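Listed here are the chains, written in short residue letters.
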Amino acid sequence: MLAANPAVFAAIAALFGLAIGSFLNVVIYRLPLILERQWRAQCAEITGLPAKAEGEPISLSRPRSRCPSCAAQIRAIHNIPVLSYLALRGCCASCGVKIPLRYPLVELATAIVSGVVAWHFGFGCQAALALVFSWYLIAMTGIDLDRQLLPDLLTLPLLWIGLLASLWPTAGFTSPRDALIGAAAGYLVLWIVFHAFRLVTGKEGMGYGDFKLFAAIGAWLGWQMLPLVLLLSAMVGAAVGITLIVTRRHGRDVPISFGPYLAGAGWIAMLWGPLIVGRYLGIAGLH
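Residues numbered from 1 in each chain as written. Predicted model: local features only at pLDDT ≥ 70, side-chain atom pairs only at ≥ 80, totals over all residues. Heavy atoms only, no water.

Chemist: So what's going on with unusual backbone geometry? Which residues, and what values?
Modeler: Arg-62 connects to Pro-63 through a cis peptide bond whose omega is -5°. Looking at where Pro-63 falls in the secondary structure, it is placed in the loop between α1 (6–47) and α2 (83–87). Its identity is not glycine, yet Val-82 carries a phi of approximately 65°, on the positive side. One can find Val-82 in the loop between α1 and α2. Take Val-82: its relative accessible area is 17%, and that puts it in the buried class. The backbone of Arg-89 shows a phi angle near 55°, a positive value even though the residue is not glycine. Structurally, the position occupied by Arg-89 is in the loop between α2 and α3 (102–121). (Helix = DSSP H or I, 4+ residues; strand = E, 2+ residues; numbered from the N terminus. Buried < 20%, exposed > 50% of the residue type's maximum accessible area, 1.4 Å probe, protein only.)

Chemist: Provide a residue-level description of the environment of Phe-121, including the pertinent values.
Modeler: With respect to the helices, strands and loops of the structure, Phe-121 is situated in helix α3. Sequence spacing of Phe-121 and Leu-271 is 150 residues, and the spatial spacing of their C-alpha atoms is 8.4 Å. If near-sequence neighbours (up to four positions away) are discounted, Phe-121 is found in contact with Gln-126, Ala-127, Ala-130, Phe-173, Met-270 and Leu-271. (Contact = heavy atoms within 4.5 Å.)

Chemist: So what's going on with the packing of aromatic side chains? Residues and values would help.
Modeler: In this structure the tally under the stated criterion is ten aromatic pairs. Between Phe-133 and Trp-220, the ring centres sit 4.8 Å apart and the planes meet at 35°, which makes this aromatic pair tilted. One end of the pair, Phe-133, is in helix α4 (residues 125–147); the other, Trp-220, is in helix α7 (residues 208–221), with 87 residues separating them in the sequence. Both residues of the pair, Phe-133 and Trp-220, belong to the buried class. Pairing Phe-194 with Phe-211 gives two aromatic rings, centres 5.5 Å apart and planes at 70°, and the pair type is edge-to-face. A residue pair is termed long-range when its members are at least 10 positions apart, and Phe-194 in helix α6 (residues 176–201) and Phe-211 in helix α7 qualify at 17 residues. The rings of Phe-121, Phe-133, Phe-173 and Trp-220 are connected pair by pair, giving a single aromatic cluster. A cation over an aromatic ring shows up here: Arg-102 above the ring of Tyr-103, its NZ or CZ 4.7 Å from the ring centre. (Phe/Tyr/Trp six-rings, centres within 6.5 Å; stacked < 30°, edge-to-face > 60°. Lys NZ or Arg CZ within 6 Å of the ring centre and 35° of its normal.)

Below, the structure written as structure tokens:
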């Protein structure tokens, strides 16, 4: 039924995306905290200094979601994606403090992205893989915007899933050979840019997480899509950066996260990359 009704499949995927978006909010908020605790514990073990008391254990599933202001547990009825935010008028039900707009935006964005992916690919294994790819990108975008961090716990599994997906002829987006070359080229290209920029300016222009994310995109989409992804991400990143500097909302020496632009460009390339490249080659007379 879902295969014969793409609109129904897209609607179901969008509704499911709302729930996934709620989970991605947890990942975006808690994963950096979990990693920070692990890093501090490792530093204490290496230095022999006593570990700092961290409070109650935290994971992606426990403890239950709480208001960051009053620490009241969020009831299930108040945790319905988007609808609860609207019903509560964007405020905590216990203390009335404003809930950051980011939470419903992530949920809504995940729903829209999921619906678009389902509509584009139709019911099947390729759509399932595309949804996984999209959800990873949303999680990493949120974390990078918040913390300027692209955790290995997300980038490396995404890379390996992309390589393994290429072995699935009917579902993967590229061949194993192109995926392998794409992963290596994606990492190497930004690694070269990073060291060239540092050699010329004496500053570090990006983080190693960007290399790994670009490598993961190469593993998913193949090396042929890397120039398009890099061009789109650089253009949008430069435009946003210049706008922020001109409007004085961002200092010249303050770093800007590049991961969200890579993620957005990678998602666009997954859906429309071959069409964009084909039209460019046609206009340029290179086909």
